[in-house]
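# Structural characterization, general
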Amino acid sequence: MTEYTAIRYAVDDGIATITLYRPEKMNAFTNTMMAEMIDAFDRIDADDDVRAVIVTGEGRAFCAGADLTPDSGGGPFSSDDPVSDLSDPRVRDGGGMLTLRMFQCTKPVIGAINGAAVGIGATMQLPMDMRLASSAARFGFVFARRGIVPEAASSWFLPKLVGYQQALEWCMTGRVFDADEALAGGLVRSVHAPDDLIPAATALAREIADNTAPVSIALTRAMLWRLPSAPHPMHAHRVDSRAIYTRSRSGDAAEGISSFLEKRAATYPDRVASGMPGFYPWWDEPNYE
């Protein structure tokens, strides 16, 4: 997929930017947008020159939720096809397919939330590693007010980010709230004037891209997202031990030490596509069933 219609994709000096691009519909989410974003994350993982990702929206909205009047004429929330078995792939939630793909990404993902972000516009942010918000942003987990339930695996992501009490309140009231409440509740890292949002997100991405080892970042992202759900800290200890042992023998570790002692910028030789240690991945990826 080389030409996108619902997003824009660009790479500049190691930073990939995905821009949701349906400004005439406030970047409302469609199956096309889902497929194009998944494809963009496939490209990102395959490109060792990409060190960090920024996701933002075109115009005055980040994403105003599912397109309630899709051009296909079908229902906005799920397939219209009747199925006899709920494990049928046609039952799968498109938002969840996207957030699971983002969760699997090997590069850090930064959300630059520029405006309205409700429904899937709020839940697609949750597997992003950091979220920065414009002071014009508005958020809403509005599902109960549309007669449905939280999707995009948000029942797994949201309590981990903001705690159970805050997650329950936002989802049970379904109300829309401003950027300051999102900051106070732990949903976003910082709030910026609209014109300062992308520069702030770029500066954060630049700090990662210019100073860290790509393989270390890929391992760190997987460890911090996956291991807190393990039933005992021994699971983390096993992965920590394997990661430290293998990384300490890498070219990256030698370069990290040399550059520090020589007081110069590091040039890390290892690449994610070819340099991940043999024990990675340490988990079995579950299937939809």
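Refer to the preceding data block for the structure.
Quick look at the structure, then. (Residues numbered from 1 in each chain as written. Predicted model: local features only at pLDDT ≥ 70, side-chain atom pairs only at ≥ 80, totals over all residues. Heavy atoms only, no water.)

### Section: the overall build of the protein
Each helix and strand in the protein was counted, giving 11 helices and 10 strands. At 20 Å, the protein has a C-alpha radius of gyration in line with the 19 Å of a compact globule built from 289 residues. C-alpha atoms of the protein, sized along the principal axes, occupy 60 × 45 × 40 Å. Within the protein, the fraction of its 289 residues that count as buried is 46%. Expressed as a percentage of contacts within the protein between residues at least 6 apart in sequence, the contacts between residues at least 24 apart total 71%. Carbon and sulfur atoms make up 54% of the accessible area of the protein, which amounts to about 14500 Å² in all. (Helix = DSSP H or I, 4+ residues; strand = E, 2+ residues; numbered from the N terminus. Rg over C-alpha atoms; globule rule 2.2 N^0.38 Å. Buried < 20%, exposed > 50% of the residue type's maximum accessible area, 1.4 Å probe, protein only. Contact = heavy atoms within 4.5 Å. Areas by Shrake-Rupley, 256 points an atom, 1.4 Å probe, with all protein chains shown as cover.)

### Considerations on the environment of Pro-228
Along the chain, Pro-228 falls in the loop between helix 8 (214-226) and helix 9 (233-248). For Pro-228, a relative accessible area of 60% gives the class exposed. Distance in space between the C-alpha atoms of Pro-228 and Lys-160 is 9.1 Å, their sequence separation being 68 residues.

### Thoughts on the pairing of strand 3 (residues 52-57)
Of all 6 residues that make up strand 3, 6 are buried, and the element is covered over most of its length. Here strand 3 shows two buried faces, one formed by Ala-52, Ile-54 and Thr-56 and the other by Val-53, Val-55 and Gly-57. Examined bridge by bridge, strand 2 (residues 15-20) and strand 3 share 6 bridges and lie parallel to one another. Bridge pairing links Ala-16 to Val-53 in strand 3. The parallel pair strand 2 and strand 3, bridged by helix 1 (residues 31-46), forms a crossover whose chirality is right-handed. By the bridge criterion, 3 bridges tie strand 3 to strand 5 (residues 109-113) in an arrangement that is parallel. (Pairing = 2+ DSSP bridges. Right-handed = clockwise from strand over helix to strand, strands pointing away.)

### Overview of the pattern of salt bridges
Between side chains of opposite charge, a pair can form as their charged atoms come close. Counted by the stated rule, this structure contains 14 salt bridges. Between Lys-25 and Asp-67 there is a salt bridge whose closest N-O contact spans 3.3 Å. Taken as a pair, Lys-25 in the loop between strand 2 and helix 1 and Asp-67 in the loop between strand 4 (61-63) and helix 2 (94-103) lie far apart in primary sequence, 42 residues in all. Residue class for Lys-25 comes out partly exposed when judged on its relative accessible area of 27%. For Asp-67, a relative accessible area of 4% gives the class buried. The salt bridge partner of Asp-45 is Arg-101, with a shortest N-O separation of 2.8 Å. Of the two residues, Asp-45 is situated in helix 1 and Arg-101 in helix 2; the sequence distance between them amounts to 56 residues. Arg-101 matches Asp-45 in its accessibility class, with the two residues each being buried. (Salt bridge = Lys/Arg side-chain N within 4 Å of Asp/Glu carboxyl O.)

### Focus: the packing of helix 1 against helix 2
Direction vectors running N to C along helix 1 and helix 2 enclose 10°, while the axes themselves pass 10 Å from each other. For the element pair helix 1 / helix 2, the angle class is roughly parallel. In this structure, helix 1 uses Met-34, Met-37, Ile-38, Phe-41, Asp-42 and Asp-45 to contact helix 2, whose residues at the interface are Gly-94, Met-97, Leu-98, Arg-101 and Met-102. (Axes fitted to C-alpha atoms, helices over the stretch in contact; angles between N-to-C directions. Parallel < 35°, antiparallel > 145°, perpendicular 65-115°, else oblique.)

### A closer look at the packing of helix 4 (residues 154-162) against helix 5 (residues 164-173)
In the contact formed by helix 4 and helix 5, the axes pass within 7 Å of each other and the chain directions differ by 125°. In terms of orientation, helix 4 lies oblique with respect to helix 5. Contacts between helix 4 and helix 5 involve Leu-158, Pro-159 and Val-162 from the former and Tyr-164, Gln-166, Ala-167, Trp-170 and Cys-171 from the latter. Classifying every residue of the contact of helix 4 with helix 5 by side-chain character gives 7 nonpolar, 1 polar and no charged. (Nonpolar A, V, L, I, M, F, W, Y, C, P; charged D, E, K, R; others polar.)

### Focus on unusual backbone geometry
That bond from Tyr-280 to Pro-281 is cis: its omega, -5°, falls within 30 degrees of zero. One can find Pro-281 in the segment after helix 11 (272-275). For Met-26, which is not glycine, the phi torsion reads 55° and is therefore positive. Within the secondary structure, Met-26 is located in the loop between strand 2 and helix 1. Assessed through its relative accessible area of 25%, Met-26 is described here as partly exposed. Notably, Ala-153 is not glycine yet its phi reads approximately 60°, a positive angle.

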